[in-house]
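Architecture and fold: a report
One-letter residues, chain by chain:
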Amino acid sequence: MALVAAGIPVVLVDESRTQLDGRLATIRKTWESHAARGRIAPEDVEARMALITPTLELADVGDVDLVIEAVFEQMAVKKQVFAKLDAHARPGAVLATNTSTLDVDEIATATSRPESVIGLHFFSPAHVMRLLEVVRGEKTSEEVVATAMALAKRIRKVPVLVGVCDGFVGNRIILVREAEALRLLLEGATPQQVDAVLRDFGFPMGSFEMQDMSGGIELLYRLRQETGAKEPIADRLGERGRFGVKAGKGFYRYEPGDRTPHHDPEVDAIIEEAAEAAGVTRSAVRDAELADRLLYPMVNEGAKILEEGIALRASDIDVVYVYGYGWPIDKGGPMYWADQVGLGKIRDRLRELAAAHGPAFAPAPLLERLADDDGRFTNGSGA
Ligand SMILES: NC(=O)c1ccc[n+]([C@@H]2O[C@H](COP(=O)([O-])OP(=O)(O)OC[C@H]3O[C@@H](n4cnc5c(N)ncnc54)[C@H](O)[C@@H]3O)[C@@H](O)[C@H]2O)c1
């Protein structure tokens, strides 16, 4: 939809007829509603639909300049698809993956042309959200990176070039926050309290509201099942099919057809049960403590990302957060915000939290160095 809206013809491939028809119907419905609200001209609906060539055959990508793969999030499936793309796509075509969590370099090994492979990580819903993480693989050519950045601008996205790591920039940082949010529930906070603290800070929604909305509960639950990792509260939600808004229940409960989160005593019981099983005695956590424990680790993870060269500059991380994750724009993004708070203050608080709650809070070496030198992330010294 993002490409077609910019006038670029698209071949839409799915292996399932039902899925393909369903997707086409959704696309049409969305644009019809845009037309009904005057956002596009009525004749644009048909003009746009005419730019889409639906097919069940991957071989039909033979003529395209760019492929954006968005099949199931499983490495084996991605590799199968990329091996087929290698066989069918013309030489020089850009082969992009929309993966959120998988290793782009490993995907590229399924082809004979890793220099053509790149990540184009759109954010959901992709025709609305403006952020695009452009993921440069180890072997991605400069031409392919430049093409991806230029394409992003043509389709009115805001591209940020990032390197390969678990979760890239955006999800890597958000996962640190979500993991801490869950630990806070175990210790005594409630989903409502955590979400209120984040909304007070300026996020449009809190951690648990966002997980309910995004489908993150199910994705992470399935990933943990594959890796054998455990999360006492989120696993219990998964076992009970509490996958968020679409299931009518997640960290909150939802009335049919309504996305308003309602407090659910069943979730309180799940949290109590998980805490008991983990041997944790729950007690109230202050709001100020919650804010520090949710926000400072995001800054710290950003510092690690910078030091590893996964992001090129602090302001790129800020762009990811403002455009992709609802970081309040008046606070400029996590790295800019950290500069305003003062890196010394954040470093000292992280040291305290590490002493109290474990080494996950230990300040990143870059944060330590900048704090020692009275430095900043966003004046170039952190870049
Ligand atoms: N849903 C999101 O919010 C989101 C956001 C960013 C990135 N992503 C990424 O996008 C990708 C797709 O996610 P999704 O949520 O849209 O999944 P989905 O399960 O809704 O859709 C996947 C589609 O791929 C089709 N498919 C599967 N195997 C295929 C094959 N071999 N050939 C052709 N078509 C095939 C399926 O029929 C299905 O229609 C994943 O890599 C995911 O990580 C998703």
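Up top you'll find the structure we're talking about.
Residues numbered from 1 in each chain as written. Predicted model: local features only at pLDDT ≥ 70, side-chain atom pairs only at ≥ 80, totals over all residues. Heavy atoms only, no water.

Some thoughts on helix α14 (residues 314–324)
Taken across its eleven residues, α14 has eight buried, putting it largely inside the fold. Among all positions in α14, only Ala-314, Asp-316, Ile-317, Asp-318, Val-320, Tyr-321, Val-322 and Gly-324 are buried. For α14, the secondary structure elements touched by its buried residues are β6 (131–136), β7 (158–163), α7 (170–187), α13 (287–307) and α15 (334–341). (Buried < 20%, exposed > 50% of the residue type's maximum accessible area, 1.4 Å probe, protein only. Helix = DSSP H or I, 4+ residues; strand = E, 2+ residues; numbered from the N terminus. Contact = heavy atoms within 4.5 Å.)

Description of the site of the ligand
Around the ligand, the surrounding shell holds 16 residues, and the nearest of these are Asp-14, Glu-73, Lys-78, Asn-98 and Ser-100. The contact in question runs from an oxygen atom of the ligand to an N or O atom on the side chain of Lys-78, over 2.7 Å. Expressed as a share of its isolated accessible area of 830 Å², the protein-covered part of the ligand is 75%. Listed by contribution, the elements that provide at least two residues to the shell around the ligand are α2 (17–36), α4 (75–88) and β5 (117–122). When the residues that make up the shell around the ligand are grouped by side-chain class, the tally is five nonpolar, six polar and five charged. (Near = heavy atom within 4 Å. Polar contact = N/O pair within 3.5 Å; in protein donor to acceptor, adjacent residues only side chain to side chain. Areas by Shrake-Rupley, 256 points an atom, 1.4 Å probe, with all protein chains shown as cover. Nonpolar A, V, L, I, M, F, W, Y, C, P; charged D, E, K, R; others polar.)

Thoughts on helix α17 (residues 365–372)
For α17, the complete set of buried residues consists of Leu-366, Leu-367, Glu-368, Leu-370 and Ala-371. Looking at the packing, one finds that the buried side of α17 touches α13 and α16 (343–357). Positive backbone phi, approximately 60°, marks Asp-374, located one or two places after α17.

Remarks on the nonpolar core
Ranked by internal contacts, the top residues of the largest apolar core, which has 88 residues, are Val-169, Val-194, Phe-251, Trp-327 and Phe-377. The element best represented in this core is α13, accounting for nine residues. In contact with Val-169, other than residues within four places in its own chain, are Glu-133, Val-162, Ile-305, Ile-310, Ala-311, Ile-317, Val-320 and Tyr-321. The next biggest cluster of nonpolar side chains, apart from the first, holds 17 residues, and it includes Ile-118, Phe-122, Val-134 and Leu-151. (Core = buried A, V, L, I, M, F, W, Y, C linked by side-chain atoms within 4.5 Å.)

Overview of the sheet that holds β7
Here five strands make up an open sheet; going across it, the order is β3-β4-β5-β6-β7 and the pairing mixed. The open sheet has two free edges, formed respectively by β3 (66–69) and β7, since each of these has just one partner strand. The sheet shows a mean angle of 30° between the axes of neighbouring strands, taken without regard to direction. Alignment of strand β4 (residues 94–97) against β5, held across three bridges, turns out to be parallel. Bridge pairing in β5 places Thr-97 opposite Gly-119. Its contacts with the sheet put α14 on β6 and β7, and the angle it makes with β7 is roughly 130°. (Pairing = 2+ DSSP bridges. Axes fitted to C-alpha atoms, helices over the stretch in contact; angles between N-to-C directions.)

Focus: the pattern of salt bridges
Under the defined criterion, the tally for this structure stands at 34 salt bridges. Between Arg-28 and Glu-46 there is a salt bridge, and its shortest N-O distance comes to 2.6 Å. A residue pair is termed long-range when its members are at least 10 positions apart, and Arg-28 in helix α2 and Glu-46 in helix α3 (residues 42–50) qualify at 18 residues. Classification of Arg-28 as partly exposed rests on a relative accessible area of 28%. With a relative accessible area of 47%, Glu-46 lands in the partly exposed category. Notably, a salt bridge pairs Asp-264 with Arg-242, separated by 2.7 Å at the nearest N-O pair. (Salt bridge = Lys/Arg side-chain N within 4 Å of Asp/Glu carboxyl O.)

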